[in-house]
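# Coordinate inspection notes
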Amino acid sequence: MNSENIASIVVEYIETQNTQYALLLNGGWGTGKTFFWKDTLLPLIQKKNLDTIYISLNGIKTIDALQKQLFFKLIPYFDKAQNKTLKMLATISGNLIKSASKAFIKVDPSDLFQGIGVDNFDFSKKFICFDDLERCRIPMKELLGFINGFVEHKNLKCLILADEDKIFETDENQKTNYYSIKEKVIGRVLNYKPELKSVLPQLFNKYENDNAFLLFLKKNENYIFRIFDEQEEDNIRIISFFLDSLQNIFKSTIDIEQELKKELLFLTAILSVEFKRGFLKSNESEDYKALGNTTHFWYQELESDRLVVNILSEKKEKEPEKEKTYAETFYLKYVSNRLEDYHFYESVYTYVLSGYLNVDKLSKELEKRKPEQPTKEQDAFSNLMSYNFRKFTDDEFTTYTTDVLKYLEEGAYSMYSYEQLSGFYHFFAEKGLIDYTNDEIEKKLFTGIEIASKKKEIDRRFYDNMIHFEVSNPIVQPIRDKIIELHTALDKELIIEESNQLIEVLAQEEYEKLNELFKDKKFNKDFIAHLDGQVLFEALKKNTNQYITLFSNEIKERYKHNNVTMFYPNDYECLHQLRLSIQKHLKEDEIPTLRKFLWLELETLLNGTCEVLKKDDAKLGI
């Protein structure tokens, strides 16, 4: 039922004379029942000149305790005669509430109510809202009987807020008692399901004192709605948590581009859902779960590897499908349809999960996202390569083609840009727009790309995208081949450098760094593959017994899943060399008893891992 219909029913209930029943607003956890009461229903009721009282039933164990709560809530509405009696009860202490509390200790609460005339109290001008029915610890029959005494005999207007599905979770026996008396007390159940599109502006009003943030929210209202609507997420508490978190993040990110604000908004929203739904835990605030790797090409590569394994598995008994990693699930759920909006900020992830925002780290992450100011070389490139050269004057065209040709020969551009440059300049030459032959252009391109590659700037994402498509014109194939050659060599060089991080960490003998490195490289196929097993052994040999044990645990964790070749197809050689080095060490050297035991454990672990890797390699025909 929508909020307008519910409000209409409540108004009709208020205007009906001598009602003898209560209304029940039923909705799931976090749907915003209390917010709806305060923001929508309360103003409507007050316009009808009724005094409103709100009581949360959460944790209340006895009717006496509930009566005491009601007593305190009624004090502001006592008339003069009732106030005079109350002052008589307060003669020992000048504090009204303290005296009333003492009176409750000495006498039955109902007697105290009678003593100040509550039995004769006029409830016809009162509206009481009892919240959190499902969290009340009073037996349901007693609780509803207590409420019924007011609504049936004193014509009290009453609204009960509850999640009926939760009432019987702790005590199934409550069900019989609840339904046996519910029909007598509850005149109508109003099933509340918030309409997010109408609730969002109400949630935004909370930030009216933060004009800049409120303006941003209103400007992006439809975008925010679509994010949560796509996930069928209408939990008001989760959305409120997201808005509060985003406001705090924005306080620390003054004067950043709208595109970056949109990235922060999207990431904060989806992490808030994951965290509040229990898929991410507070103690995981530094475990980024490879969410920074979640790109289209990363996922396509995983799917390709999985396809190979499935093909190999057709000849034998079919194995259960391997459960997707958290990063894969996260990618499919949120990122795959919003790739242009997604960027992973470690500081935001930590903040959403822990409540601590490292402002300095966030600032550095944002700084890296800002586009660099174009150089004269880049400016000339973007103008010429925009496919708008026909709009230039002859002088402009001559200037741009001359300048860009000079810059490309000097290696001023990314080596991945040379295929596009090749296509344009060969076109210009063939059409007689420049005074160069194709051979002369080719020579300048190859000279420039060799220089450009020395900058060792690698773009794996661009490369992966490039090789998925054939060249548009055969004349650029030689430069495409050169890009592939240079990228492959540079990629291997950088991979080896990254792999050597393990040797460096082993030399430092700090477990936290070792653990972080293995976590960071969890989905990196090349982390172990390009290491020299003998070099790895020599590094381990210098470590303590404790560190060898820790290293063994990390190896065990890395290769514990099925189909390890799908994830680490080239790790065998390094692990095999490491195993042979350990075996030689055990055979030829004198080793203390415990240390020998630890080497044997690692050797056994490597034997099993190598056996699996070798077996899978054989299936692949490697």
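Before reading further, recall that the structure is shown in the block above.
Just so it is clear, the model here is predicted, and its values are computed rather than measured. (Residues numbered from 1 in each chain as written. Predicted model: local features only at pLDDT ≥ 70, side-chain atom pairs only at ≥ 80, totals over all residues. Heavy atoms only, no water.)

## Section: the overall build of the protein
What counts is decided by this rule: Helix and strand assignments come from DSSP, with helices taken as H or I runs of at least 4 residues and strands as E runs of at least 2, each series counted from the N terminus. In this scheme, a residue with accessible area under 20% of its type's maximum is buried, one over 50% is exposed, and one in between is partly exposed, where area comes from a 1.4 Å probe on protein chains only. In what follows, a contact means two residues having at least one pair of non-hydrogen atoms within 4.5 Å. Accessible surface area values rest on a Shrake-Rupley calculation with a 1.4 Å probe, where residue burial reflects the displayed protein chains alone.
When its secondary structure is counted, the protein shows 29 helices and five strands. By the burial criterion, 46% of the 622 residues in the protein qualify as buried. In the protein, 78% of the contacts between residues at least 6 apart in sequence involve partners at least 24 apart. Put simply, the protein shows about 33,400 Å² of open surface, and 48% of that area lies on carbon and sulfur atoms.

## Remarks on the environment of tyrosine 223
In this structure, tyrosine 223 sits in helix α11 (residues 221–230). Taking the relative accessible area as the measure of exposure, tyrosine 223 reaches 5% and is therefore buried. Setting aside residues up to four positions removed in sequence, tyrosine 223 forms contacts with Lys262, Leu265, Phe266, Arg338 and Asp341.

## Considerations on empty space enclosed by the protein
Rule in force here: In this analysis, the protein atoms alone were mapped onto a 1 Å grid. Cavities are point sets where a 1.4 Å probe fits without being able to get out; pockets are open sets with protein on both sides within 12 Å along at least five of seven lines; lining residues have an atom within 4 Å of a point. Grid points are joined across faces, edges and corners, and a volume is the space filled by probe spheres set on the points. Under the convention adopted here, Pro, Cys and the residues Ala, Val, Leu, Ile, Met, Phe, Trp and Tyr are nonpolar, Asp, Glu, Lys and Arg are charged, and Gly plus all remaining residues are polar.
The full count for this structure, using the stated rule, is one cavity of 30 Å³ or more. Residue lining of the largest cavity: Ile495, Glu498, Ser499, Lys521, Asn524, Asp526 and Phe527, and that is the complete set. When grouped by side-chain class, the residues that make up the lining of the largest cavity number two nonpolar, two polar and three charged.

## As for the packing of helix α13 (residues 258–276) against helix α16 (residues 346–354)
Heads up, the condition is: Angular values range over 0 to 180 degrees, each being the angle between N-to-C directions of two axes fitted as lines to C-alpha atoms, with helices fitted over their stretch in contact. Left-handed is the label given to a crossing in which the near helix is rotated counterclockwise from the far helix by less than a right angle, and right-handed is the label when the rotation is clockwise.
Contact geometry of α13 with α16 gives a least axis separation of 10 Å together with a crossing angle of 35°. In this structure, the crossing between α13 and α16 has a hand that is right-handed. On α16, the residues touching Leu264, Leu267, Thr268, Leu271, Ser272 and Phe275 of α13 are Val348, Tyr349, Val352 and Leu353.

## Re helix α25 (residues 533–541)
The line we're drawing: In this context, the arc is that of the directions from the helix axis out to the C-beta atoms. Distance and chemistry together define a polar contact, namely a pair of N or O atoms within 3.5 Å, with one atom able to donate a hydrogen and the other to accept it when in protein, and with adjacent residues in sequence counting only for side-chain atoms on both sides.
Gly533, Leu536, Phe537, Ala539 and Leu540 are the residues of α25 that are buried. The arc that holds every buried residue of α25, seen down its axis, measures 160°, which confines them to one face. By the N-cap criterion, in which a side-chain oxygen at the helix start approaches the backbone nitrogen of a residue two or three places on, α25 is capped by aspartate 532, the distance to glutamine 534 being 2.8 Å.

## Section: the pairing of strand β1 (residues 22–26)
Formally: DSSP-based pairing: two strands are paired if at least 2 bridges between them are found.
When you tally the buried positions in β1, you get five out of five residues, the bulk of the element. Residues Ala22, Leu24 and Asn26 point to one face of β1 and Leu23 and Leu25 to the other, with burial holding for every one of them. Examined bridge by bridge, β1 and strand β5 (residues 186–191) share five bridges and lie parallel to one another. Residue pairing for β5: asparagine 26 is matched across the bridge by asparagine 191. In this structure, β1 lies alongside strand β4 (residues 157–162), joined through four bridges in parallel fashion. When the bridges of β4 are listed, leucine 25 appears paired with leucine 161.

## Some details on the pattern of salt bridges
Defined as follows: Any Lys or Arg side-chain nitrogen located within 4 Å of an Asp or Glu carboxyl oxygen qualifies as a salt bridge.
If you walk through the whole model with that rule in mind, you get 27 salt bridges. Salt-bridge contacts for arginine 135 lead to aspartate 132; the nearest nitrogen and oxygen are separated by 3.0 Å. Taking the shortest distance from any N to any O, the salt bridge between lysine 456 and glutamate 493 comes out at 2.5 Å. Within this pair, whereas lysine 456 is found in the loop between α21 (438–453) and α22 (460–466), its partner glutamate 493 is found in helix α23 (residues 477–508), the two being separated by 37 residues in sequence. For glutamate 493, a relative accessible area of 31% puts it in the partly exposed group.

## Digging into unusual backbone geometry
Backbone geometry places lysine 289, a non-glycine residue, at a positive phi of 55°. Within the fold, lysine 289 resides in the loop between α13 and α14 (296–313). Residues other than glycine seldom take positive phi values, yet alanine 290 does so here, at roughly 60°. Residue placement: alanine 290 occurs in the loop between α13 and α14.

## Observations concerning the packing of aromatic side chains
Rules: Here is the rule: rings of Phe, Tyr and Trp (six-membered ring for Trp) pair when centre to centre is within 6.5 Å. Planes less than 30 degrees apart are stacked, more than 60 are edge-to-face, and the remainder are tilted. Ring-over charges, as used throughout, are those where CZ of Arg or NZ of Lys falls within 6 Å of the ring centre and within 35 degrees of the ring normal.
Overall, the coordinates contain 32 aromatic pairs when judged by the stated rule. Ring geometry for tyrosine 207 versus phenylalanine 213: centroids 5.2 Å apart, planes at 85°, classification edge-to-face. Per residue, the accessibility class of tyrosine 207 equals that of phenylalanine 213, and both read buried. Sitting over the face of the ring of tyrosine 54, lysine 38 holds its NZ or CZ atom 5.8 Å from the ring centroid. Sitting above the plane of the tyrosine 568 ring, arginine 558 keeps its charged end 3.9 Å from the centroid.

## Overview of the state of the cysteines
Here, the word disulfide means a covalent bond between the sulfur atoms of two cysteines. Here is the rule we go by: Pairs of cysteine sulfur atoms within 2.5 Å are identified as disulfides in what follows.
On inspection of all chains with the given rule, the structure shows zero disulfides. Considering cysteine sulfurs only, cysteine 610 is the nearest to cysteine 574, which forms no disulfide, with 9.1 Å between them.

## A few points about helix α19 (residues 394–409)
We apply this condition: Each residue after the first adds 1.5 Å to the expected span of a helix.
Compared with an ideal rise of 1.5 Å per residue, which puts 16 residues at 22 Å, α19 spans 23 Å between its outermost C-alpha atoms and is within 8% of the ideal. Listed in full, the buried residues belonging to α19 are Phe397, Thr401, Val404, Leu405, Tyr407 and Leu408. Buried residues of α19, seen end-on, are gathered within an arc of 165° and therefore sit on one face of the element. On its buried face, α19 sits against α18 (376–384), α20 (418–430) and α21. Glycine 411 sits one or two residues past α19 and shows a positive phi near 75°.

## Notes on the sheet that holds strand β2 (residues 51–56)
Read across the open sheet, the five strands follow the order β2-β3-β4-β1-β5; overall the sheet is parallel. Two strands lie at the open edges of the sheet, namely β2 and β5, each paired on one side alone. Averaged over all pairs of adjacent strands, the angle between their axes in this sheet comes to 20°, without regard to strand direction. As defined by bridge partners, β2 adjoins strand β3 (residues 126–131) across six bridges and the pair is classed as parallel. Each residue of the ladder has a partner; that of threonine 52, found in β3, is phenylalanine 127. Running over the sheet, helix α3 (residues 63–74) touches β2 and β3 and is turned about 150° from β2.

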